[in-house]
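Secondary and tertiary structure notes
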Amino acid sequence: MSDHISGPRALAVPAADITDLYAFASPERPGHLALVLNTLPFAQPSDSFSDGLIYRFRIRPLAALSTGPFVPFALSDDEFVVDFVFAAPTPTGLGGGVVQDGSCRIPSGETVPFRVGVDCEAPGVRVFAGVRWDPFIMDAPAAVKTIETEVLAFRDRSSIFLDGKNVLSIVVELDSARLLGGVEQVAVIGETLTRGKLMVRMERTGRPEVKNLLLAPKPFDPVNQDLEIRDLYNSEDAFCLGETYKGAYRARLNANLRFWDGLDGKADWPDLENGAHPLTELVLADFLAVDLTRPYVEHGSFLEIELAGREGRSHQTCGGRSLNDDVMDTLFTLWVNGGNGPRIRDGVDQASVPATTVFPYLAALNPDPPRRPVLH
């Protein structure tokens, strides 16, 4: 499920579990970068953010590097960081209710205080944090069945797994000219980290389904079939992978990308001369690429910048990932046929309650959501 429950540690510490990351050019304010980090799968309306975590966005400028079969971008060493932290909830004294306060530290070093559930605006920034409807769009059981049976299990019409789920959502919108040095193209990742003297990265997220559909499956990996690799991957700095486990990540990605490619009975992604899958290095560059000079679009911007760069053409949209974009069909089509055949659909094309184009963008919470299932 996108990045829901993406490893043993996420299962053990749901508060730190990132379910999705979104980054896009603001549909309301040109030149503003909108960022969304969703956490805590199956959140209930009364749930609160952890006061033991830092919820972090990291942003780096991008530069064009090359075209061809690898990553078409170079990352700057410059970095802009946005941190959210929360106080413990306090009772309101009214019917057992609680309130929770938080603060957002923006790239200028200033801190913006806010209250959970209430929009807040300061010079160059808008922030929101609260329980929201999970905008995830995917038939997750069919994807799992596809891996188990090695046959595409998608139906023409399907449904979202446990639809009506809530998440704890953090939304921030930044004025690039004021807070990001006017940078035009950026790479974005989201993280949760422990808060205190010993800071530990609990999870990090860039693109959807890297961990659960490309790193989790073990049977096709000829090198590390017994290795649960996702917690190692979550611990890494997404902008600077360590050398220790790169070989393990590449072996797993090469194997699983070949699996997806073979589901239509033909190889649309022949191996490179070194035996690697052509998409492996792009997957390892696990961030969302956004161009603030290009327009926001509701559908079709996901991976548009990356694929245009690989193909040596100019991209047309802001890229990144918007809330209503059916990105899983884009990924399945890329993995299975490389765009050389029909669109691979999982049977779910939109959320039952779509997001909006008005800050804070996500749909209001479901007052009676499904409960968290028992998972092992």
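Residues numbered from 1 in each chain as written. Predicted model: local features only at pLDDT ≥ 70, side-chain atom pairs only at ≥ 80, totals over all residues. Heavy atoms only, no water.

**Quick notes on the packing of helix H6 (residues 246-261) against helix H9 (residues 327-337)**
Orientation of H6 relative to H9, taken along the N-to-C sense of each, is 90°, at an axis distance of 6 Å. Overall, the two elements H6 and H9 adopt an arrangement that is roughly perpendicular. Of H9, the residues touching H6 (which contributes Leu257, Trp260 and Asp261) are Phe332, Trp335 and Val336. For the contact of H6 with H9, the residue count by class is 5 nonpolar, no polar and 1 charged. (Axes fitted to C-alpha atoms, helices over the stretch in contact; angles between N-to-C directions. Helix = DSSP H or I, 4+ residues; strand = E, 2+ residues; numbered from the N terminus. Parallel < 35°, antiparallel > 145°, perpendicular 65-115°, else oblique. Contact = heavy atoms within 4.5 Å. Nonpolar A, V, L, I, M, F, W, Y, C, P; charged D, E, K, R; others polar.)

**Let's talk about the nonpolar core**
Judged by nonpolar contacts, the single largest core of 90 residues is most densely connected at Phe84, Trp260, Phe332 and Trp335. If we ignore the near neighbours within four places in the chain, the residues touching Phe332 are Met138, Ala143, Phe154, Leu213, Trp260, Asn337, Ile344 and Asp346. Core analysis: the second largest hydrophobic core is formed by 11 residues, Ala238, Ala285, Phe287 and Ile305 among them. (Core = buried A, V, L, I, M, F, W, Y, C linked by side-chain atoms within 4.5 Å. Buried < 20%, exposed > 50% of the residue type's maximum accessible area, 1.4 Å probe, protein only.)

**Structural notes on unusual backbone geometry**
The residue after Phe359, namely Pro360, is reached through a cis peptide bond having omega 5°. Along the chain, Pro360 falls in the segment after H9. The backbone of Phe42 sits at a positive phi, close to 60°, despite the residue not being glycine. Structurally, the position occupied by Phe42 is in the loop between strand S2 (32-39) and strand S3 (53-64). Taking relative accessible area as the criterion, Phe42 reaches 4% and is therefore assigned buried. With a phi angle near 65°, Glu209 is a residue other than glycine that sits in the positive phi range.

**Section: the environment of Ile54**
Relative to the helices and strands, Ile54 resides in strand S3. Each C-alpha atom, one on Ile54 and one on Arg310, is 35 Å from the other, the two residues being 256 residues apart in sequence. Excluding its chain neighbours within four sequence positions, the residues that come into contact with Ile54 are Asp83, Phe84, Val85, Glu191, Thr192, Leu193, Thr194, Arg195 and Met199.

**Comments concerning the packing of aromatic side chains**
Applying the stated criterion across every chain, the model contains 18 aromatic pairs. Note on Phe86 and Phe114: the rings are 5.7 Å apart at their centroids and 85° apart in plane angle, and the pair reads as edge-to-face. Here Phe114 lies in strand S9 (residues 111-115) and Phe86 lies in strand S5 (residues 80-86), a separation of 28 residues in the sequence. Judged by relative accessible area, Phe86 falls into the buried class, the value being 2%. The exposure class of Phe114 is buried, given its relative accessible area of 5%. Centre to centre, the rings of Phe332 and Trp335 are 5.9 Å apart; their planes meet at 85°, and the pair counts as edge-to-face. (Phe/Tyr/Trp six-rings, centres within 6.5 Å; stacked < 30°, edge-to-face > 60°.)

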